[in-house]
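Reading the structure
These are the residues of each chain, in order.
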Amino acid sequence: FSRIPMSEMVASPVDAGAVADTQSAGNLGTSSGKEPPFPVKLHRILSNPEFRDIITWLPHGRSWRVLKPKAFEERVIPLYFRHAKYASFMRQVNGWGFKRITQGPDHNSYYHEVSGSR
């Protein structure tokens, strides 16, 4: 999930789980009124400079990390999702196939392997 063009972000969730309110910030920019898929919402969150102290790309741009889970739950999740729980957000992260880095300087950050031909 390293700064992939939005046109290449196609996948299917294991668990569709909670989805965004059609009036939320997570739905901005869609003309059909359909909710964007989770990776699109996540990319929008990561692209928003207001949230850089809460959730951010790591300097190399290949993974991202939630820096302040409590602030993320209180300030970010309600803008993009119908639910307001950090645990539900993490369930979606895992359901969409993101992997957590458990060791080294990037520990507790997440990445996604992109499949398909280019």
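Here goes a summary of the coordinates provided. Model, not experiment: these values are computed from the prediction. (Residues numbered from 1 in each chain as written. Predicted model: local features only at pLDDT ≥ 70, side-chain atom pairs only at ≥ 80, totals over all residues. Heavy atoms only, no water.)

**A few points about the overall build of the protein chain**
To be explicit about the condition: Runs of E in the DSSP output that reach at least two residues are strands. Runs of H or I that reach at least four are helices, and both are numbered from the N terminus. Relative accessible area decides the class of each residue, using a 1.4 Å probe on protein chains only: under 20% of the type maximum gives buried, over 50% gives exposed, and in between gives partly exposed. Only heavy atoms matter for contacts: two residues are in contact if any of them lie within 4.5 Å across the pair. Every accessible area reported is derived by Shrake-Rupley at a probe size of 1.4 Å, with residue values counting cover from the shown protein chains alone.
When its secondary structure is counted, the protein chain shows three helices and four strands. N-terminal to C-terminal, the α/β element order of the protein chain is α-β-β-α-α-β-β. By the burial criterion, 39% of the 118 residues in the protein chain qualify as buried. Of the contacts made within the protein chain by residues no fewer than 6 positions apart, 48% connect residues no fewer than 24 positions apart. Accessible surface, the protein chain: about 6,900 Å² in total, of which carbon and sulfur atoms supply 51%.

**Some remarks on the environment of Glu50**
With respect to the helices and strands, the residue Glu50 is situated in the loop between helix H1 (38–47) and strand S1 (55–57). For the pair Glu50 and Val76, spaced 26 residues apart in sequence, the C-alpha separation works out to 9.7 Å.

**Some thoughts on the packing of aromatic side chains**
The line we're drawing: Planes of paired rings set the category: under 30 degrees apart is stacked, over 60 is edge-to-face and the rest tilted, where pairs are Phe, Tyr or Trp rings (Trp by its six-membered ring) whose centres lie within 6.5 Å.
Considering all chains together, one arrives at 12 aromatic pairs under this definition. A ring pair is formed by Phe38 and Phe98, whose centres lie 6.4 Å apart and whose planes are at 80°; its orientation type is edge-to-face. On the criterion of sequence distance, the pair formed by Phe38 in helix H1 and Phe98 in the loop between helix H3 (86–95) and strand S3 (99–101) is long-range, its members being 60 residues apart. The exposure classification of Phe38 matches that of Phe98, with both residues buried. Among the aromatic residues, those joined into a cluster by ring pairs are Phe38, Trp64, Phe72, Phe81, Tyr86, Phe89, Trp96, Phe98 and Tyr110.

**Some thoughts on the nonpolar core**
One broad trend across soluble globular proteins is that nonpolar side chains are buried collectively. Keep this limit in mind: The definition of a nonpolar core used throughout is a set of buried Ala, Val, Leu, Ile, Met, Phe, Trp, Tyr and Cys residues joined through side-chain atoms within 4.5 Å.
Grouped together as the largest cluster of nonpolar side chains are 22 residues, with contacts concentrated most on Ile55, Trp64, Phe72 and Phe89. For this core, the element with the most residues is helix H2 (residues 69–80), which contributes five residues.

**A word on the pattern of salt bridges**
Note the cut-off: The salt bridge definition used is simple: a Lys or Arg side-chain nitrogen within 4 Å of an Asp or Glu carboxyl oxygen.
By the definition in use, this model includes three salt bridges. The partner of Asp53 in a salt bridge is Lys68, with the nearest N and O atoms 3.6 Å apart. Of this pair, Asp53 sits in the loop between H1 and S1 while Lys68 sits in the loop between strand S2 (64–66) and H2; the two residues are 15 residues apart in sequence, bridging distant segments of the chain. Residue Asp53 is classed as partly exposed on the basis of its relative accessible area, which comes to 36%. The exposure class of Lys68 is partly exposed, given its relative accessible area of 41%.

**Notes on the side chain of Thr56**
Mapped onto the elements, Thr56 comes out in strand S1. In this structure Thr56 touches Leu46, Trp64, Arg65 and Leu67, once residues within four positions along its chain are discounted.

**Examining unusual backbone geometry**
In this model, Asn108 sits at a positive phi of 65°, which is unusual for a non-glycine residue. Assignment of secondary structure puts Asn108 in the loop between S3 and strand S4 (109–111). Judged by relative accessible area, which is 39%, Asn108 ranks as partly exposed.

Treat this as a map of the structure, not an account of what it does.
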